[in-house]
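Results of the structural survey
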Amino acid sequence: MIVDQTEYETAAACMVSAGQQGCEYRDELLGRVGGGFARREPRMQAGKYVRALTADVPRKNGWQIAEWAGDASPDKMQRLLNQAVWDEQAAMGIVAQFVAEHLGGAEVDRYATVVLDESGQEKKGGRTAGVKRQYVGCAGRVSNAVNVVYATWATVRGHALAGARPYLPKEWACDPRLRAVAAIPQQVQFRTKPQLAIDILTDLHAAGLAPPWATGDQVYGRDPALRGWCEAHGVGYVFGVPCSFMITLPCGQRMRADQALTLVLPEAWNRASCGAGSKGDRTYDWAWLAVASDRHHLLIRRSLTDPAEVAFFYCYVPAGRPATLPALLTVAGRRWPVEEDFQVGKDQFGLDHSQVRHYKPLLRHLVLTMIALAACAVTAAAMRQATNTLPPPPTNPHDQPPDDPGLIPLTVAEIRRLTNLVIHSGQQLAHHLRWIWWRRRHQARARWFHHRARLRREPLIPLTT
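Scope of this entry: the structure provided in the associated data block. (Residues numbered from 1 in each chain as written. Predicted model: local features only at pLDDT ≥ 70, side-chain atom pairs only at ≥ 80, totals over all residues. Heavy atoms only, no water.)

**A short note on the pairing of strand β10 (residues 280-290)**
Cut-off, in case you're wondering: Buried, partly exposed and exposed residues are distinguished by accessible area as a fraction of the type maximum, computed with a 1.4 Å probe on protein chains only: under 20%, between the cut-offs, and over 50%, respectively. By definition, any uninterrupted DSSP run of H or I lasting at least four residues is a helix, any uninterrupted run of E lasting at least two residues is a strand, and each is numbered from the N terminus. A pair of strands is considered paired only if DSSP assigns at least 2 bridges between the two.
Across the eleven residues that make up β10, a large majority, eight, are buried. Pairing between β10 and strand β11 (residues 296-302): six bridges, direction antiparallel. Looking at the pairing, L289 lines up with L298 of β11. Counting the residues in the hairpin turn of β10 and β11 gives five residues.

What follows is the structure in structure tokens.
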């Protein structure tokens, strides 16, 4: 296919602009965080660390980051993580403020949501703070690993990590020898994962950044203290719960969620999308049941391809907000962005690449990675309108593909590449821009065919808000 040269040049100019914008956002965020450093040298070192996380460094650990930054040895990078005087918790709050400012809160998106989830990093030794044999989602099994509870800020504009707390198992928290080995601060005590989520939400609320909604999986939905915190602070939620979760019906009868499933009449199911994915709408059959409280609901999701695959969600709608099925589906659909942040954060920015053992260096690496990720995520959100040239999706399985598949919006991963290209590529810039352009066209074409394949299912019945 012959592509109009003017169209390519326009796309290339837009990509260069995106790369420059990414650098500006990164420098802006580094400038905000820099005020928390006691000395100039570690502040400059932190900037080099974040730029290395954005660069094409194969393994983003202290040695390779130091080599990329031009340091003579890893000593300065190790000092930044271990001994330098700066407040990593305050820096994390600045990242959350930056993300909220640029992605918008309730005034921009009434369904702005904080997504709670944990992710792990496998380890081979036994001396890293919090390491033990435990289930980690990244491996899909029980493994020797550390776990971290994260919060993603998700709106209609985009999403980015806005909070993190390393999980310290009880055996670590109660063993003075282990605490000394990993230099665990005295104020860090054992907290369950839902309790760590409450800590993150408390910080967001204290800063005036708590969004109106929260969501998470069963780990968080079955915890009454977390649900109670949300209700006390006016945060609505759509939390996953296990099939054994107990509800009270309006008649006063108590039963399990899977028993309540038998109360759903065939005509009560609604086929609807809870949001768009890379391969089309995430469409399921949905039903919702009233419970004893008129502000609470049990939401049930059923797979279209396997009706036996059912998931349950316990929902709370604060007073003053309409309790509608489309609202609950919108919040439920915000569950996926945190998984995207984990994947991009690990694959592109080295979220799980740190080779540190002590508690504070681990948390500091997470904060610095969140800075790099947030700058690129905000840039991708700002450039989405200008870089999206996708044609209308197919409307039936027999549609023919368009002559021009268009370009998908610039992703966070492509923004990361562009921030490096506009600075370092020189004469190679045109070559790499052509490759990025080709990838976006190829992905746009693949997306169109995925959408058409999904139309083989029964047509979507739209819900109105």
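Let us keep going from here.
**Observations concerning the environment of A380**
Which entries qualify depends on this criterion: In this description, contact between two residues means that some pair of their heavy atoms is separated by no more than 4.5 Å.
Tracing the chain through its elements places A380 in helix α14 (residues 359-387). Judged by its relative accessible area of 2%, A380 is buried. On a C-alpha basis, the gap between A380 and D347 in space is 17 Å, while along the polypeptide they are 33 residues apart. Not counting residues within four places of it along the chain, the set of residues in contact with A380 comprises L410, T411, V412 and I415.

**So, the packing of aromatic side chains**
The relation between two aromatic rings is expressed through the spacing of the ring centres and the mutual angle of the planes. To keep it simple, the criterion reads: In this scheme Phe, Tyr and Trp rings, the latter by its six-membered ring, pair at centre separations within 6.5 Å, and the angle between planes marks the pair as stacked below 30 degrees, edge-to-face above 60, and tilted otherwise. In this scheme, Lys NZ or Arg CZ marks a charge over a ring once it lies within 6 Å of the ring centre and within 35 degrees of the ring normal.
Per the stated rule, a full pass over the model turns up twelve aromatic pairs. Seen in terms of ring centroids, Y111 and W213 are 6.5 Å apart; in terms of plane orientation they differ by 45°. Their pairing is tilted. In this pair, Y111 is assigned in the loop between α5 (88-103) and β1 (113-122) and W213 in strand β5 (residues 213-216), connecting sequence segments 102 residues apart. With respect to class, Y111 is no different from W213; both count as buried. Aromatic ring contacts, followed pair by pair, group Y237, F239, F245, Y314 and Y316 into a single cluster. Its guanidinium or amino end placed over the ring of Y167, K193 lies 5.2 Å from that ring's centre, counting from NZ or CZ. Cation over ring: R302 sits above W269, and NZ or CZ is 4.1 Å from the ring centre.

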